[in-house]
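Below, each chain spelled out in residue letters.
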Amino acid sequence: MACTDKTATVTDEASGGGATTIFAVHPDIIQTHILTCLDGRALASVASTCSQLHALSDHEPLWENICHSTWPSTNSPRVRHVISTFPCASRSFFSDSFPSFAAREGSNIDRAPELISAVDIFHRRRAVLSRVVETETESGWFRCSPFRIDVLDQKEAVATAMEYPLSDGACEILGEDLRLSWIVVNPKGKRAVNVSSGTAVSVERHWLSGEVKVRFATVVDGGERGTPAEVALCSVTVTFGNEMQVREACLQMEDMD
């Protein structure tokens, strides 16, 4: 398919290979039967091809469904409401949260009375844990070092269908199969950012307890405009028990107060 603001053509085999406009197809069919089959990256690419497809792609249900399918945690009532307040709703949220962290002006947590963490852990593209955690930012606890957010309660465990890694090779495969998304949302600032590395940076099996710790990490910019640059290590540790239950998932900031 070739598409510009002036022409949008496809090959019509039924008419002997002649060219016809894609907009001979009813817009409702394009929007409901074609664009709904695309993921967020593909939909954004299609939207940039011409003004007509941009208008058809700028449809809130399309982006809402993409957000929910990409990150199941965003389907919670609290997160859905916050996303609806973003400048372009789900499209803005997707743009902020995919694919990974990028420092942005106005994302200072001092301006947010609370933060929302939308957390999803995937194993071979299947969600094994999806949670939403709300964190207030005005107490002394929040500003104390080290900074930490926990997804699970202390004695909580979430069962999975994953196999326990019995060897170093199995640990390496586990690290390749796991994906983590940890989206931090600033409801007041109407911004979001994904602070996860996506893939695991390390997988370690404790020789005595048998616990498996999987770590995801990203280096983030902690400086403000006009101030000396500071960087911090944003790391997420996911701990699995002997039966591959998720026993802990926590976000920590290191190397910066």
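Provided above is the structure to which this section pertains.
Residues numbered from 1 in each chain as written. Predicted model: local features only at pLDDT ≥ 70, side-chain atom pairs only at ≥ 80, totals over all residues. Heavy atoms only, no water.

Describing unusual backbone geometry
Quick reminder of the rule: Secondary structure follows DSSP: runs of H or I at least 4 residues long count as helices, runs of E at least 2 residues long count as strands, and numbering of each begins at the N terminus. Accessibility here uses a 1.4 Å probe with only protein chains present; expressed as a share of the type maximum, an area under 20% marks a residue as buried, one over 50% as exposed, and anything in between as partly exposed.
Residues other than glycine seldom take positive phi values, yet Arg125 does so here, at roughly 70°. Within the secondary structure layout, Arg125 lies in the loop between β4 (114-123) and β5 (126-136). For Arg125, a relative accessible area of 81% gives the class exposed. Here Met244, not a glycine, exhibits a phi torsion of approximately 60°, which is positive. Following the sequence through the fold, Met244 ends up in the loop between β11 (231-240) and β12 (246-254).

Focus on the packing of helix α4 (residues 60-70) against helix α6 (residues 90-97)
Using the following cut-off: Only the stretch in contact is used when fitting a helix axis, every axis being a line fitted to C-alpha atoms; angles between N-to-C directions are given from 0 to 180 degrees. For classification, angles of less than 35 degrees are called roughly parallel, those exceeding 145 degrees roughly antiparallel, those between 65 and 115 degrees roughly perpendicular, and all remaining angles oblique. The handedness criterion is simple: a crossing whose near helix is rotated anticlockwise from the far helix by less than a right angle is left-handed, and one whose near helix is rotated clockwise is right-handed. Contacts between residues were defined by any pair of non-hydrogen atoms, one from each residue, lying within 4.5 Å. Gly is put with the polar residues, along with every residue not named as nonpolar or charged; the nonpolar set is Ala, Val, Leu, Ile, Met, Phe, Trp, Tyr, Cys and Pro, and the charged set is Asp, Glu, Lys and Arg.
The N-to-C vectors of α4 and α6 enclose an angle of 40°; their axes lie 8 Å apart at closest approach. Taken together, the axes of α4 and α6 are oblique relative to one another. Considering the relative orientation of α4 and α6, their crossing is left-handed. Seen from α4, the contacting residues are Glu60, Trp63, Glu64, Ile66, Cys67 and Thr70; seen from α6, they are Ser90, Arg91, Phe93 and Phe94. Partitioned by chemical class, the residues of the contact of α4 with α6 number five nonpolar, two polar and three charged.

Regarding the side chain of Ser92
Within the fold, Ser92 resides in helix α6. Among residues more than four places away in sequence, those in contact with Ser92 are Phe86 and Pro87.

Concerning the pairing of strand β7 (residues 178-186)
Filter applied, for reference: Pairs of strands are assigned from DSSP output, requiring at least two bridges between the strands.
Within β7, eight of the nine residues are buried, which leaves it mostly tucked inside the rest of the structure. Here β4 runs beside β7; their pairing, made up of eight bridges, is antiparallel. Bridging from a neighbouring strand, Ala118 pairs with Ile183 of β7. Two strands pair when backbone bridges link them, and β7 and strand β8 (residues 191-194) are joined in this way by four bridges, in the antiparallel orientation. Residue Ile183 lies in a different strand from β8, and its bridge partner there is Asn194. Counted along the chain from β7 to the antiparallel partner β8, the turn is four residues long, and its residue Lys190 has a positive phi close to 55°.

With respect to the nonpolar core
As a reminder of what qualifies: We define the nonpolar core as a collection of buried residues of types Ala, Val, Leu, Ile, Met, Phe, Trp, Tyr and Cys that are connected through side-chain atoms lying within 4.5 Å of one another.
The biggest cluster of nonpolar side chains holds 34 residues, and the ones touching the most others in it are Val151, Leu178, Trp182, Val238, Phe240 and Leu251. Contributing elements (two or more residues each) for this core: β4, β5, β6 (147-150), β7, β10 (212-221), β11 and β12. When neighbours within four sequence positions are excluded, Val151 is seen to be in contact with Val119, Leu129, Arg131, Val133, Trp182 and Ala249. Listed in part, the 23 residues of the second largest apolar core include Trp63, Trp71, Phe93 and Ile116.

Thoughts on the pattern of salt bridges
Oppositely charged side chains can form a pair if their charged atoms are brought close together. Defined as follows: For this analysis, a salt bridge means a side-chain nitrogen from Lys or Arg found within 4 Å of a carboxyl oxygen belonging to Asp or Glu.
The tally for this structure, following the rule as stated, stands at 10 salt bridges. In this structure, the salt-bridge partner of Arg124 is Asp177, at a minimum N-O distance of 3.1 Å. Linking Arg124 in the loop between β4 and β5 with Asp177 in helix α8 (residues 168-177), this pair joins segments that are 53 residues apart in sequence. Among the salt bridges present, the one from Arg131 reaches Glu156, with a minimum N-O distance of 2.6 Å. Here Arg131 is found in strand β5, whereas its partner Glu156 is found in the loop between β6 and α8, with 25 residues between them in sequence. By sharing partners, the salt bridges in this structure join Arg78, Glu114 and Glu134 into a single network.

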